[in-house]
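Residue-level structural notes
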Amino acid sequence: MHRYVAVVCALGLPVLAVVVGTTFHELVEAAPGFVVFFGPLIVLGELLPIRVMRRDGEEEITVSTTFAFALLLTSGAAAALLSLTAASLLADTIRRKPYWKVAFNAAQFSLSIGAAAGVMHALGVAALPRANITGADLPVLILASVVFFLVNNTVMGTAMALAENLPVRKFLGRDFLFQAGTTGVLLSLAPIVVAASDNTLFLIPLLLMPIAAVHKCASILLAKEHQAAHDPLTGLPNRTLYRERAVEAVEDAKAAGTDVAVMLIDLDRFKEINDTLGHHIGDILLQQIGPRLEAVLRREDTIARLGGDEFAVLLHDVADQASAMDVADRMLEALEQPFTLTDVILDIDASIGIALHPEHGDDIDTLLQRADVAMYLAKETRSGYQVYSPERDPYSPKRLTLLHELRSAMESGQFVIHYQPKSSLASGRPIGVEALIRWEHPEHGLLPPDLFIPIAERSGLSRPLTLYVLDHALAQVRTWHDEGFEIGVAVNLTLRNLHDPTFPLDVARLLQANDVSAQWLQLEITESIVMADPVRVLGVLKALGDMGIDLALDDFGTGYSSLAHLKRLPVRELKIDKSFVMNMTRDESDAVIVQSTIDLARNLRLRTVAEGVEDEETWFRLARLGCDVAQGYYLSKPIPPAELTAWMRAQLPAVEAAHPA
Ligand code: C2E
Ligand code: CA
Ligand code: CA
């Protein structure tokens, strides 16, 4: 950029000297009176530029061009250049622009006016004799204007493109129509100004009217253009402009062989803020997001608001996945500082999904869709950000093969069930286990349930899968009871199980077949499953409850439970989600959530289970808070049934010693 400015100055300033030197006599001979008249108008034009909002930012248009060009026609190049340079010097000094900008402007005018004057000289016309502008002068006038326009536009546009770090040719091309519609119109008015002033200079003020009208129209048009591409609340680019820039970035990256990152950012629990504090506060919050993120991004990166609480970032030219993750980290950090909204101070969490070109897709729609999948994963796991991974994408081809294999896996017994113990926080006694399924895949090894449960759910396999787990878990409980361990088992259900009116009958059948009474079975339903359609699932839940089966609300705290619904559900237990429990000794707000969930459960006469208890400190803290049951790595990871039997044997003496019967 600075090298470019130096080159323009090195070329332009000698031109200034030469032009003024060779044409000064024209100024003296021709018509000095015009300088007196047009000079002040040029100064006025420079001092009062018209600021317009453009698609990519703000820009200024100065009407001085018309009068400078008129002066070139009537009084020669020296007159035009000296007036324009003096006017822009004055304006730049008043606005305290850096000296190199002042020099650059003077050089730019010298080059464009010098070029136009050169054309006129070459065609044998110096300053036009103002009295006789005729049709025959028109070709020269047009040619001189076109040259002026092209030189001026190229010198200026190149500087702007370099300053914005945009490809120069593309920028000039995109900017051409806008410049032709403004600078072009101003230049075409110059001969008319000259012709009118030939009659009487007092006609000039009348010409100011159409000039003003041109500007009014241009700025209205540009405002419209800006509006169509920006979000009115935050002023950030909207989805349309984001897509446009992303498409361009991907194209450039393909040509250059570089990477582009598409990131979707969603604020967590924004709906709650809107509902509890009001839309006004929600709006203020949304307005503060852009500036926070901009502070950690580069100038050329784009941040857009796609709608609601969803924002998107576009990173041009990222080195690799790690540097995209680094940017995500910095964005989360920037959002971590509390927000001050009028008189409320809020802590905000956000989830970011990242997809990279070319690794995850080579068109913008695929990239956005994959960033969306990653963003939901980040939200579900409360992990801040996630980079897209095909294994975890329900729509990816890799997943589709899994679906294909899922059907046969059940028949060939590739599913195994691990059990994780739950113990009473008061006595330390193991009181039950949770059955957690795994898939022993012949190629991929042991697959965790979140990789295939969602596929099963979407492909009509959730009924056979749940019945498979139930059957095996109940058989295992029978075995444990026969061995003298009086424990129950918990099995996880899916949404489809609850939409299936025959499901309670299946459960009754399996209880009977394994000779286990209903009191030893617990069924876990997640908060999000129930809240998705509380009325529809109520029938099945009631039937299960009436059979004497304990129902537990799983992952509590991650969804949006309404108290009204919670009261009506036949659940007996709340399982506080592990994401809160795991951090409760380090994160005070997680601790508050755990404590208030325990209090809420007590008031609703529900048992509380804390999941994700990973250390002793958490165990004791939960015990003090009055939580009933703990589950987590601190006790044991989910393990095969034989190992669990051994684990319980090992526990018993310690428990008996602490609490003699
Ligand atoms: P979930 O029901 O919330 O199960 C608890 C998950 O937390 C288990 O992951 C368990 O391994 C993990 N976990 C337990 N203690 C700790 C801890 O202290 N720290 C950490 N970091 N994690 C802990 P898993 O086995 O991968 O299961 C994931 C989810 O898959 C389950 O979440 C459940 O929603 C689903 N799932 C598992 N088995 C079944 C099944 O048989 N049927 C259905 N429908 N869903 C299942
Ligand atoms: Ca569970
Ligand atoms: Ca859970």
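Residues numbered from 1 in each chain as written. Chains lettered and ligands numbered in written order. Predicted model: local features only at pLDDT ≥ 70, side-chain atom pairs only at ≥ 80, totals over all residues. Heavy atoms only, no water.

This part takes up helix 11 (residues 279-294). With 16 residues, helix 11 extends 24 Å from end C-alpha to end C-alpha; this agrees with the ideal 22 Å at 1.5 Å per step. For helix 11, the complete set of buried residues consists of Ile281, Gly282, Ile284, Leu285, Leu286, Ile289, Gly290, Arg292 and Leu293. (Helix = DSSP H or I, 4+ residues; strand = E, 2+ residues; numbered from the N terminus. Expected span 1.5 Å × (residues − 1). Buried < 20%, exposed > 50% of the residue type's maximum accessible area, 1.4 Å probe, protein only.)

With that settled, the discussion passes to the side chain of Asn497. When you line up the elements, Asn497 lands in helix 17 (residues 495-498). Apart from residues lying up to four places away in sequence, Asn497 is in contact with Ser462, Arg463, Thr466, Phe503 and Val540. (Contact = heavy atoms within 4.5 Å.)

Turning to the environment of Thr466, a few remarks are in order. By the element assignment, Thr466 lies in helix 16 (residues 462-482). Residues Thr466 and Thr608, spaced 142 residues apart in sequence, show a C-alpha to C-alpha distance of 24 Å. Excluding residues within four positions of it along the chain, Thr466 makes contact with Asn492, Leu493, Thr494, Asn497 and Phe503.

Those donors, Asp554 (OD), Asp555 (OD), Glu611 (OE) and Glu611 (OE), are the protein atoms that reach the calcium ion (ligand 3), and they lie 2.1 to 2.5 Å from it. Taken in chain order, the donor set of the calcium ion (ligand 3) reads D-D-x55-E. (Donors = N, O, S within 2.8 Å, 3.2 Å for Na, K, Ca; no water.)

Residue Pro358 follows His357 across a cis peptide bond; omega there is 5 degrees. Within the fold, Pro358 resides in the loop between strand 8 (350-357) and helix 13 (364-381). The phi torsion at Arg96 lies on the positive side, around 50 degrees, for a residue other than glycine. Turning to its location among the elements, Arg96 is positioned in the loop between helix 4 (77-94) and helix 5 (99-122). A positive phi is found at Asp555, a non-glycine position, where the angle reads about 50 degrees.

Structurally, Phe24 can be placed in helix 1 (residues 2-29). Owing to a relative accessible area of 39%, Phe24 belongs among the partly exposed residues under this scheme. Between the C-alpha atom of Phe24 and that of Thr302, which follows or precedes it by 278 residues, the distance is 49 Å. Residues contacting Phe24, with those up to four places away along its chain left out, are Val19, Ala78 and Leu82.

Glancing now at the pairing of strand 15 (residues 550-556). The element strand 15 is extensively covered by neighbouring structure, given that six of its seven residues are classed as buried. Pairing geometry for strand 14 (residues 521-526) and strand 15, over five bridges, is parallel. Within strand 15, the residue paired with Gln522 across the bridge is Asp550. As paired elements, strand 15 and strand 16 (residues 573-576) share three bridges and run parallel to each other. Bridging from a neighbouring strand, Phe556 pairs with Ile576 of strand 16. (Pairing = 2+ DSSP bridges.)

On to the domain arrangement of the chain, then. Domain boundaries in the chain define domain 1 (2-229), domain 2 (239-392) and domain 3 (417-643). For domain 1 versus domain 2, the distance between C-alpha centres works out to 42 Å. The interface is formed by 10 residues belonging to domain 1 together with eight residues belonging to domain 2. Buried surface at the junction of domain 1 and domain 2, summed over both partners, amounts to about 730 Å²; 30% is from carbon and sulfur atoms. Remark: the boundary between domain 1 and domain 2 carries one salt bridge. (Domains from an automatic or database assignment. Buried area = accessible area lost by both parts, 1.4 Å probe. Salt bridge = Lys/Arg side-chain N within 4 Å of Asp/Glu carboxyl O.)

On to the pattern of salt bridges, then. Per the counting criterion, the structure on display carries 20 salt bridges. The salt bridge involving Lys575 is made with Glu524; its shortest N-O contact spans 2.6 Å. In this pair, Lys575 sits in strand 16 while Glu524 sits in strand 14, placing the two residues 51 residues apart along the sequence. Given the relative accessible area of 1%, Glu524 is considered buried. As a salt-bridge pair, Asp550 and Arg607 come within 2.5 Å of each other at their nearest N and O atoms. In this pair, Asp550 is assigned in strand 15 and Arg607 in strand 17 (residues 607-610), connecting sequence segments 57 residues apart. By relative accessible area, Asp550 is classed as buried at 14%. Connected via shared salt-bridge partners are Lys422, Asp550, Arg572, Glu573 and Arg607.

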